[in-house]
Amino acid sequence: MAFASSSNSKKRKVADEGRTFKEKWTENYFFIEQNSTAVCLICIDTVACFKEYNLKRHYDTRHAATHNKFVGQDRQEEINKLKKKLTGQQMLFRKVKSDSDMILRASYVVCHKIAKKSKPFTDGEFVKDCIKGVVDVICPEKGKEVDKLSLSRWTVARRIDEMSDDIVNSLKEDGSKFNFFSIAVDESTDVTDTAQLAIFIRGVNSDFVITEELLSVQSMKDTTTGQDIYEEVKSAFSRFSLKWENLSGIVTDGAPAMKGKNSGLVARIKTELANRQINPDDVTVFHCIIHQENLCVKVLQFKDVMSTVVSCINFIKARGLNHRQFRQFLEDMDADQEDLLYFTEVRWLSRGKMLKRFFELKDEVSNFMDTRGKPVPELQDPKWLTDFAFLVDITAHLNELNTKLQKREQVIHELYSHIKSFQNKLRLAYSATQWQCMPLPKRSPSSR
């Protein structure tokens, strides 16, 4: 029975003995403590257990014959020398590791820039050559580190994939912690006639940390009905672990596939919420405020101004000879601008920039058109020029408003504030114009 009880008793662990390293062991056996381990200064071997017997046996069997000759001050100097040597070796390993980490980080930085600017993956080698040329001039001693920088097209593609996966995983982790979130959905067609559905998300967790990110871009090869868009949104919710009960807002444009009363995206999302025993009225639905502003801008047709300006630009830029001669004409005239700009209907800021550039070059354009036998009488008409100047000013203000509305990390009341302040400025400008145009009252003879 005594044997059985002793065999079942718990074995004693070295960690439980509370052993500590004693300073005298450094002078006696050339050992120091590092990371809770005894390290021999002579051969860099380690002894896990702080027991004097183990350290003494190691010293006697391996180093006593060569180091017993060091006594007194000589022994202390040898210990200091070995400590310095060990520290230098460790610092070398740390430096190599640090340099490797820095090179890897630099590779990711370049790949991030390439992805952000939508540049070809093959540009990585070109960027490396540029960096190498700059380093050779400024700090040639860093040339070897630049040579280790891997930026082949396969490496760039792999780095970008890794960063993309990391963003997706971060969004999944953040999405699972959202207390409330809202989505903004927009569908547009790219240059290959493929419908692209962009889903943006803004969520807040229990620590009031706000996350605003592009959740997903879905390519829709076939139809883009409300059901198709709803299926893509539902798939994104599932992929990023978003909970339907935490959905608090939806922002869409005014397309029937989005806002349709019975079969639009919003209607189908509300049906889904009702099926999950969630009150659909708790979800606030917004028509995108930027789309509303853009639709209001389209009321400003000013066809008499736009048709004249666009026809002049097309005459000059659509023909290669006219375009070359016009640019040379501007150079000879020492004009402030070098060329005109095209107007693109789908780009919101295009109209204002085009009109401003044309207004700055209106005299040069008028002279050039006269030399080509295509005079533009509107460019000499004061009334037309007044309308033109007004359109230039108002589109410039609208472009400024557009830029403010498209800034990141804004909430609805800030966007509404931008709109209201813009409206108030227009009213003040109109009131000032009316006051300036008001005729002075005639004084009666008695007041003279």
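Please read all numbers here as calculations on a predicted model, not as lab measurements.

Caption draft 1: Here's a closer look at helix α14 (residues 320-332). Look at α14: 18 Å from first C-alpha to last across 13 residues, which is about the 18 Å you get at 1.5 Å a residue. For α14, the full list of buried residues reads N322, H323, F326, F329 and L330. Projected down its long axis, α14 shows its buried positions confined to an angular sector of 125 degrees, all on one face. For α14, the exposed residues set more than 90 degrees away from the buried face come down to R324, E331 and D332. At its buried positions, α14 is contacted by α13 (303-317) and α16 (362-371).

Caption draft 2: Seen up close, helix α11 (residues 265-275). Listing the buried residues of α11 in full gives L265, V266, A267, I269, E272 and L273. In this structure, the buried side of α11 is in contact with β4 (180-189), α9 (226-239), β7 (247-252), α10 (256-259) and β8 (284-287).

Caption draft 3: Quick look at the confidence of the model for the chain. Looking at the chain as a whole, the pLDDT averages 80, with 85% of positions reaching at least 70. In this model, residues 1-9 is a region of pLDDT below 50 whose contacts with residues beyond four sequence positions or in other chains number zero contacts. Every residue in residues 14-18 scores below 50 in pLDDT, and together they form three contacts with partners more than four places removed in sequence or on other chains.

Caption draft 4: Representation of the sheet that holds strand β2 (residues 37-40). Spatially, three strands are ordered β1-β2-β3 in an open sheet, and the strand pairing comes out antiparallel. The outermost strands of the open sheet, each flanked by one partner alone, are β1 (31-34) and β3 (46-47). Pairing between β2 and β3: two bridges, direction antiparallel. Opposite V39, over in β3, you have T46 as the bridge partner.

Caption draft 5: Fine view of the packing of aromatic side chains. Tallied over the full model, the rule gives eight aromatic pairs. Ring geometry for F178 versus F181: centroids 6.5 Å apart, planes at 35 degrees, classification tilted. Grouping residues by exposure puts F178 and F181 together as buried. Taking the centre distance of 5.8 Å and the plane angle of 65 degrees together, the rings of F358 and F388 count as edge-to-face.

The rules we used
- Counting restarts for each chain: residues are numbered from 1 in the order of the written sequence.
- Only residues with pLDDT of at least 70 are given local features in this predicted model, and only at 80 or more are side-chain atom pairs given and counted; all residues enter the totals for whole chains, interfaces and linings.
- No hydrogens and no water enter the side-chain calculation; it runs on all heavy atoms of the structure.
- Note on conventions: DSSP H or I runs of at least 4 residues are helices, E runs of at least 2 residues are strands, and numbering of each starts at the N terminus.
- For a helix, the expected span equals 1.5 Å multiplied by the residue count minus one.
- Throughout this description, buried means an accessible area under 20% of the type-specific maximum (1.4 Å probe, protein chains only), exposed means over 50%, and partly exposed covers the range between.
- Arc, as used here, means the arc of the directions from the helix axis to the C-beta atoms.
- Every residue pair with non-hydrogen atoms within 4.5 Å of one another is taken to be in contact.
- Per-residue confidence from the predictor is given as pLDDT, running between 0 and 100.
- Only when DSSP finds a minimum of two bridges between them are two strands counted as paired.
- By convention, a stacked pair of Phe, Tyr or Trp rings (six-membered ring in the case of Trp) has centres within 6.5 Å and planes under 30 degrees apart, an edge-to-face pair has planes over 60 apart, and any other such pair is tilted.

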